[in-house]
Amino acid sequence: GCRSRSMADIIANEPSITGIVKETNDKSILIENEDGEYWVSLNVENKDSMTHFSVGDEVVVYFDGNVAESYPMQINRVYAITLKTPADRTENDKP
């Protein structure tokens, strides 16, 4: 595979899943959506991808389409992760 795929190429072509970050550690994040909970590997292939997230962030995970049927489910081959909506840490700054 071509190592230097752009974020735009990944976003245009790969399956994705959106969820809210529930837990983070060094190697993965736990996200939750209406379908359940997923451990998502932070060993992402695109080095421009974000890998530091906060609980409450809404993220979009671009991956190879394979989900391991464990509990929680696992997404191990991750191409990129993008931040869709940051955790609401600025509520008090709004007018």
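Source: prediction; values computed, not measured. (Residues numbered from 1 in each chain as written. Predicted model: local features only at pLDDT ≥ 70, side-chain atom pairs only at ≥ 80, totals over all residues. Heavy atoms only, no water.)

Novice: Teacher, can you tell me more about the sheet that holds strand S5 (residues 73-75) here?
Specialist: Strand pairing within a sheet occurs via backbone hydrogen bonds; the two strands may be parallel or antiparallel. In spatial order, the strands read S5-S3-S2-S1-S4-S6; together these six strands make up an open sheet with mixed pairing. Of all the strands in the sheet, the pair left with one neighbour each is S5 and strand S6 (78-85). Along the sheet, successive strands turn relative to each other by an average axial angle of 40 degrees, direction set aside. Alignment of strand S4 (residues 58-63) against S6, held across six bridges, turns out to be antiparallel. Bridging from a neighbouring strand, Tyr-62 pairs with Ala-80 of S6. (Pairing = 2+ DSSP bridges. Helix = DSSP H or I, 4+ residues; strand = E, 2+ residues; numbered from the N terminus. Axes fitted to C-alpha atoms, helices over the stretch in contact; angles between N-to-C directions.)

Novice: Whenever I open this one, the pairing of strand S2 (residues 28-33) confuses me. Can you help?
Specialist: Both faces of the sheet carry side chains from a regular strand, because those side chains alternate between them. Counting buried residues in S2 gives five out of six residues, a clear majority hidden from the surface. With four bridges connecting them, strand S1 (residues 16-24) and S2 associate as antiparallel partners. Bridge pairing in S2 places Thr-24 opposite Ile-29. Hairpin connection, S1 to S2: the antiparallel pair is bridged by three residues. Across six bridges, the pairing between S2 and strand S3 (residues 36-41) is antiparallel. (Buried < 20%, exposed > 50% of the residue type's maximum accessible area, 1.4 Å probe, protein only.)

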